[in-house]
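Tertiary structure, described
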Amino acid sequence: MRIRADIARLLESGTNLSNRAIAHQVGASLTTVARHREALGIAPHFQGRRQAPPLPTADLWRRQTELVDGGHLRWLGTTTADGVARLVDSGRVYSVPVLAFQERTGQVPQGPVRPECGMDDCVEPRHLEDQLGRDHLAAVAAAIGI
Ligand SMILES: [Zn+2]
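Residues numbered from 1 in each chain as written. Predicted model: local features only at pLDDT ≥ 70, side-chain atom pairs only at ≥ 80, totals over all residues. Heavy atoms only, no water.

Partitioning the chain into domains gives domain 1 (5–40) and domain 2 (61–143). Taken over C-alpha atoms, the centre of domain 1 sits 36 Å from the centre of domain 2. (Domains from an automatic or database assignment.)

Quick look at the structure:
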């Protein structure tokens, strides 16, 4: 295949651009970019979590919770119209499940953060997972046959 210089330059730039970002930037198809990546021996785009920035609200949200049976944390503060716990601090609105997830993992969640403990409005950090976490748990469950 003929290697396009513009695609090769972006793939080799070390900026970890996704195939989609490169395709959009140079006006090529996703398949074309994927073929270039393979031909040039460039590792797949890294899609893991990013490091979360420090949050000013680290323990602010915990003051609005109560521990309930089973080790769950119930949110006592305000919620969004969808019922998601939210915290307003210094004029900014935070999703409490996201804050709790970031407190436990130090990372920005990928996809929605939801409790995996059976209590719909639980905000206990250890009971929350993002999509990567759910995918990981499903893969582990499949690997050990449960
Ligand atoms: Zn829970």
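The next thing to look at is the packing of helix α2 (residues 19–26) against helix α3 (residues 30–40). At a minimum axis separation of 9 Å, α2 and α3 run at an interaxial angle of 115 degrees. When the axes of α2 and α3 are compared, the crossing they make is right-handed. Side by side, α2 and α3 meet where N19, R20, I22 and A23 of the first sit next to L30, V33, A34 and R37 of the second. Class assignment of the residues belonging to the contact of α2 with α3 gives a composition of five nonpolar, one polar and two charged. (Axes fitted to C-alpha atoms, helices over the stretch in contact; angles between N-to-C directions. Helix = DSSP H or I, 4+ residues; strand = E, 2+ residues; numbered from the N terminus. Left-handed = near helix turned anticlockwise from the far one by under 90°. Contact = heavy atoms within 4.5 Å. Nonpolar A, V, L, I, M, F, W, Y, C, P; charged D, E, K, R; others polar.)

Before going further, it helps to spend a moment on the side chain of R134. With respect to the element layout, R134 can be found in helix α5 (residues 131–143). A polar contact is formed between the side chain of R134 and the backbone oxygen of P112, at a distance of 2.7 Å. With sequence-adjacent residues up to four places away left out, R134 is seen in contact with P112, R114, E116 and E129. (Polar contact = N/O pair within 3.5 Å; in protein donor to acceptor, adjacent residues only side chain to side chain.)

Under the criterion given, the structure shown has six salt bridges. In this structure, D6 and R4 form a salt bridge, with 2.9 Å as the shortest nitrogen-oxygen distance. Owing to a relative accessible area of 23%, D6 belongs among the partly exposed residues under this scheme. Taking the shortest distance from any N to any O, the salt bridge between E66 and R74 comes out at 3.1 Å. E66 sits in the partly exposed class, given a relative accessible area of 33%. (Salt bridge = Lys/Arg side-chain N within 4 Å of Asp/Glu carboxyl O. Buried < 20%, exposed > 50% of the residue type's maximum accessible area, 1.4 Å probe, protein only.)

Turning our attention to the pairing of strand β4 (residues 92–95). In this structure, strand β3 (residues 86–89) lies alongside β4, joined through four bridges in antiparallel fashion. What sits directly across from V88, in β4, is V93. Connecting the antiparallel pair β3 and β4 is a turn made up of two residues, with S90 showing a positive phi of about 50 degrees. (Pairing = 2+ DSSP bridges.)

Of the protein atoms, only H72 (ND1), C117 (SG), C122 (SG) and H127 (ND1) coordinate the zinc ion, at distances of 2.0 to 2.3 Å. Coordination geometry of the zinc ion: the four donor atoms subtend angles of 103 to 120 degrees at the metal centre, consistent with an arrangement described as tetrahedral. Coordination of the zinc ion draws on donor residues from a single chain, spaced H-x44-C-x4-C-x4-H in sequence. In this pair, H72 sits in strand β2 (residues 72–75) while C117 sits in the loop between β5 (114–115) and β6 (128–129), placing the two residues 45 residues apart along the sequence. For H72, a relative accessible area of 13% puts it in the buried group. (Donors = N, O, S within 2.8 Å, 3.2 Å for Na, K, Ca; no water. Tetrahedral: all angles 85-135°; square planar, octahedral: opposite > 155°, others 65-115°.)

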